[in-house]
Amino acid sequence: MLDVRFSALSFVPGTDGADLELADFDGDGALDIAAGQSGGLSVAFGTGAGAFEPAIFYSSGFSQRVSYLSVDDVDGDGSPDVTAFHDIGFDSDLAGKLQVFLNDGSGELMPGPVTTVATYRVSTYDLPHTGDFDGDGQLDVALGGLPGVVAFGDGTGLFPRVESLAVPLLSDAGDLNADGVDDLIGGVPGEPIVVVLTSNGDEHKVECAHPRFNRRHQTFTRIDLPFDDGDFNPWPSDLDLADLDENGVLDIVAGPSGGPESFAVYLGRANGTFTAPRYVPSPNCCDNEPEIGDIDGDGHLDVLFISNLAFCSPPSSSNQGGAVFLGDGAGGFAPPQFDFPRVTGTDGNLRLGDLNGDDALDAVFDAGCGGRNPDGARVSFNETVQDQADMSVAVSGPAQRPAQGQATYTVTVMNNGELPASAATTVRFTPASAFRITSTAPPTSGGGSSVVFRSGVIQPGDQVTYTVTGKVRAASGSFTAVALVDSSRYDPAVANNTAQTRTRVVG
């Protein structure tokens, strides 16, 4: 069994807030971070090598904070959209409304119209859960509340029909009985149960005396699963769906509510039923949020819990920050490992995704509400499987050139490591006013005084060469060409990742 290792936390400026989601919004193959803000959304576009561009703000058209986010392709154009819900408990123009930010395919998130779905308080611990709950091919949105609701979408970002559910909290959505229609899981605070709502898969028309009053409603069949974690205080927003035993059927992970109890695993059957819960001893944390993914790269799903230390006073040795349970592919788990960063000031929102192209799932934590971490969301890179590539870079160019003259620089990137890897190579000139890039080989995006080359896979011992040509704009003095390579795999020797050469300007 591998030792789980994650890096120290780093900030992503401009993504402060309690709600965040990961998706490739601009279609470049790299994950981006969307975060709810006052008056809209901010999106930090990822480079694919672990860095992020300055966040871009997209206005909602309202002054209040955009919150409770989910990501899915609402309008069916192939690009991920963002659905936001605002709690009726806040005094806001968005209270009780859904708003979809429609993606134009380039990452531009345009705010769409709003749909009122609730006039009562909806749980502040609930998020929108998207799925096709009526089998019409359009995405719908489910929200927990008193009662919960399902808002049925028309494929344009509007939800013209809303029906209530007799379950206060909803936690996840997925097809639990292989009928092609999505179902829901959730629960009731304080009751030792996990609630499964399986959709009937069709809409039922209720005939009234006058056709004007005919209405259609969606029905669900409710199944209550026992939950006894030793504390009798389950928090049913801490549920997640995934195929843990690799039989093609979704299973349920029910997180503990705090205290020295266990989380539960319910293995799904093809007919939509579940086995009795398996209880796995979990760490003593004041609040646990489950996230599921392959942490150690063995092809089996693992379960990760973080401790919401924002509300732990004081943090104790038992509040480890997080625990990772490595899965065996059959629904079983190894004892927990705790080499995970302690995260304070979070609202407990964690997302997993490969941020640096090394095929390992990294972690992104929200910045918390109320400005607890104004520097933004926190990122921790997964170093559990440290496949080595050891990229190096060299740059050469003329020792001197006349003002207004042309100059060409050659950049060589080599893989000195043990495994194949791709790389992003940045070439920049400083001062920026001294040299203007006019062409590159191979062609790439960028210009001015800097460009980025992205390689395909470079095999161990192989190298790639780039050239940059431009015009000397300085009248005197000198300028420097700097090359920096960033590997998609773990690089144990960073000293050779940067190179530079200097050019003197002659009259």
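Only a predicted model underlies this, so the values are computations on that prediction, with no experimental measurement involved.

J.: Could you clarify how one ought to interpret the overall build of the chain in this entry?
T.: Scanning the chain from terminus to terminus reveals 0 helices and 37 strands. A total of 507 residues make up the chain; the buried ones form 54% of that total. Long-range contacts, defined here as pairs at least 24 residues apart, represent 56% of the contacts in the chain between residues at least 6 apart. Surface exposure of the chain reaches about 20300 Å², of which carbon and sulfur atoms provide 51%.

J.: In this structure, what is going on with unusual backbone geometry? I would like to understand it.
T.: A cis amide bond links Thr430 with the next residue in sequence, Pro431, at an omega value of 0 degrees. Residue position: Pro431 is located in the loop between β31 (423-430) and β32 (435-441). With an omega dihedral of 0 degrees, the bond running from Ala441 to Pro442 counts as a cis peptide bond. Phi is positive for Glu246, which is not a glycine, with a value near 60 degrees. Inspection of the secondary structure puts Glu246 in the loop between β18 (239-242) and β19 (251-254).

J.: Looking at this structure, I do not really get the sheet that holds strand β27 (residues 377-380). What am I missing?
T.: Hydrogen bonds along the backbone pair up the strands of a sheet, which may run parallel or antiparallel. Strand order in the open sheet made by the 4 strands is β1-β27-β26-β25, with antiparallel pairing throughout. The strands lining the two open edges of the sheet, one partner per strand, are β1 (10-12) and β25 (350-353). Neighbour-to-neighbour, the strand axes of this sheet turn through a mean angle of 30 degrees, independent of strand direction. Direction of pairing for β1 relative to β27: antiparallel, over a ladder of 3 bridges. Among the inter-strand pairings, Phe11 is bridged to a residue of β27, identified as Arg378.

J.: Hey, could you run me through the pattern of salt bridges in this one?
T.: Side chains carrying opposite charge are able to pair once their charged atoms draw close together. With the rule as written, the count across this model stands at 4 salt bridges. A salt bridge links Arg161 to Glu163; the shortest N-O distance between them is 4.0 Å. The residues Arg161 and Glu163 share a single accessibility class, namely buried. If you follow the salt bridges from partner to partner, you end up with Asp134, Arg161 and Glu163 in one network.

J.: What is the right way to read the pairing of strand β20 (residues 262-266) from this model?
T.: For a regular strand, the rule is simple: side chains alternate between the two faces of the sheet. Across the 5 residues that make up β20, a large majority, 5, are buried. Residues Ser262, Ala264 and Tyr266 of β20 are buried on one face, and the alternating residues Phe263 and Val265, pointing to the opposite face, are buried as well. Pairing of β19 with β20 involves 3 bridges; the strand directions are antiparallel. Considered in β20, the bridge of Val253 is made with Val265. Pairing geometry for β20 and strand β21 (residues 278-281), over 4 bridges, is antiparallel. The residue of β21 that forms the bridge with Val265 is Arg278.

J.: Where do I start with the sheet that holds β21 in this structure?
T.: Read from one edge of the open sheet, 4 strands run β18-β19-β20-β21, paired in antiparallel fashion. Looking along the sheet, the strands with just one partner apiece sit at the ends: β18 and β21. Averaged over neighbouring strand pairs, the angle between their axes works out to 25 degrees when direction is ignored.

J.: So what exactly am I meant to see when it comes to the confidence of the model for the chain here?
T.: For any part of a model where pLDDT is low, the fine detail of the predicted coordinates should not be relied upon. Here the chain averages 83 in pLDDT, and 81% of its residues register 70 or above. Scored below 50 in pLDDT, residues 204-216 makes 17 contacts in the model with residues more than four places away or belonging to other chains. Across residues 309-319, confidence stays below pLDDT 50; counting only partners more than four residues off in sequence or on other chains, it has 25 contacts.

J.: When you look at the environment of Gly329 in this model, what are you seeing that I'm missing?
T.: The topology assignment puts Gly329 in the loop between β24 (322-325) and β25. In sequence terms Gly329 and Asn247 are 82 residues apart; their C-alpha atoms lie 9.4 Å from each other. Excluding residues that lie within four positions of it along the chain, Gly329 makes contacts with Leu244, Asp245, Glu246 and His300.

J.: I'm lost on the packing of aromatic side chains in this one. Help?
T.: Any two aromatic rings considered together are summarised by their centre-to-centre distance and by the angle between their planes. Under the defined criterion, the tally for this structure stands at 11 aromatic pairs. An angle of 55 degrees between the planes, with centres 6.3 Å apart, marks the rings of Phe429 and Phe479 as tilted. Placement of the pair is Phe429 in strand β31 and Phe479 in strand β36 (residues 478-487), with a sequence separation of 50 residues. Among the residues examined, Phe429 registers a relative accessible area of 2% and is labelled buried. The exposure class of Phe479 is buried, given its relative accessible area of 1%. Each residue in the set Phe263, Phe305, Phe325 and Phe333 is aromatic and connected to the rest through ring pairs, giving one cluster. The side chain of Arg161 reaches across the aromatic face of Phe152, ending 3.9 Å from its centre.

What counts as what
Residues numbered from 1 in each chain as written. Predicted model: local features only at pLDDT ≥ 70, side-chain atom pairs only at ≥ 80, totals over all residues. Heavy atoms only, no water. Helix = DSSP H or I, 4+ residues; strand = E, 2+ residues; numbered from the N terminus. Buried < 20%, exposed > 50% of the residue type's maximum accessible area, 1.4 Å probe, protein only. Contact = heavy atoms within 4.5 Å. Areas by Shrake-Rupley, 256 points an atom, 1.4 Å probe, with all protein chains shown as cover. Pairing = 2+ DSSP bridges. Axes fitted to C-alpha atoms, helices over the stretch in contact; angles between N-to-C directions. Salt bridge = Lys/Arg side-chain N within 4 Å of Asp/Glu carboxyl O. pLDDT = per-residue confidence, 0-100. Phe/Tyr/Trp six-rings, centres within 6.5 Å; stacked < 30°, edge-to-face > 60°. Lys NZ or Arg CZ within 6 Å of the ring centre and 35° of its normal.

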